[in-house]
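Notes for the structure review
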Amino acid sequence: MNPDLLRGNLDLILLSLLEQTPLYGFAILQAARDQTGGYFEFKEGSLYPALHRLEAEGLLSGQPGEVGRNSKPRKYYAITDQGRQSLHRKRQEFAEFTRAVAQLGKAGA
């Protein structure tokens, strides 16, 4: 996977993953990998800053959950109503973008 594509679409990916159920950090990484057959495999170094930013923007809310292996409670992230609205817009924008890219080169063919 091209890392530039991941960077440009990380918010869309994270909001999509959290649309159905709250997850904690490592579970988000696993879900991204598992649900895409390994296509989305990204590192904690890009995940946590993005989660914190989305939370600060009000698109996600974080709640303490079960205790993890380090004896600290895991932070579960859930999409907010504002996050759902943003996800809807981002999906529309992405669909328009992919349609436009698909049209490139077809006009002269």
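Residues numbered from 1 in each chain as written. Predicted model: local features only at pLDDT ≥ 70, side-chain atom pairs only at ≥ 80, totals over all residues. Heavy atoms only, no water.

Some points on the packing of aromatic side chains
For any pair of aromatic rings, the description rests on two quantities: the centre-to-centre distance and the angle between the ring planes. The final tally for this structure, using the stated rule, is two aromatic pairs. Consider the rings of Tyr39 and Phe40, whose centres lie 5.2 Å apart with planes at 70 degrees: the pair is edge-to-face. The class of Tyr39 is partly exposed, set by a relative accessible area of 45%. For Arg74, the ring lying beneath its charged end belongs to Tyr24, and the centroid distance is 4.2 Å. (Phe/Tyr/Trp six-rings, centres within 6.5 Å; stacked < 30°, edge-to-face > 60°. Buried < 20%, exposed > 50% of the residue type's maximum accessible area, 1.4 Å probe, protein only. Lys NZ or Arg CZ within 6 Å of the ring centre and 35° of its normal.)

Focus: the side chain of Thr80
Within the element layout of this structure, Thr80 appears in the loop between β3 (73-79) and α4 (81-103). A distance of 3.0 Å separates a polar side-chain atom of Thr80 from the backbone nitrogen of Gly83. Setting aside chain neighbours within four positions, we find Thr80 in contact with Gly58, Leu59, Leu60 and Ser61. (Helix = DSSP H or I, 4+ residues; strand = E, 2+ residues; numbered from the N terminus. Polar contact = N/O pair within 3.5 Å; in protein donor to acceptor, adjacent residues only side chain to side chain. Contact = heavy atoms within 4.5 Å.)

Digging into helix α2 (residues 25-35)
One turn of an α-helix holds 3.6 residues; hence residues three or four places apart share an orientation. Within the sequence span of α2, burial applies to Gly25, Ala27, Ile28, Leu29, Ala31 and Ala32. Residues of α2 that are buried make contact with α1 (3-17), β1 (23-24), α3 (44-56) and β3. At the exit of α2 stands Gly37, carrying a positive phi of roughly 60 degrees.

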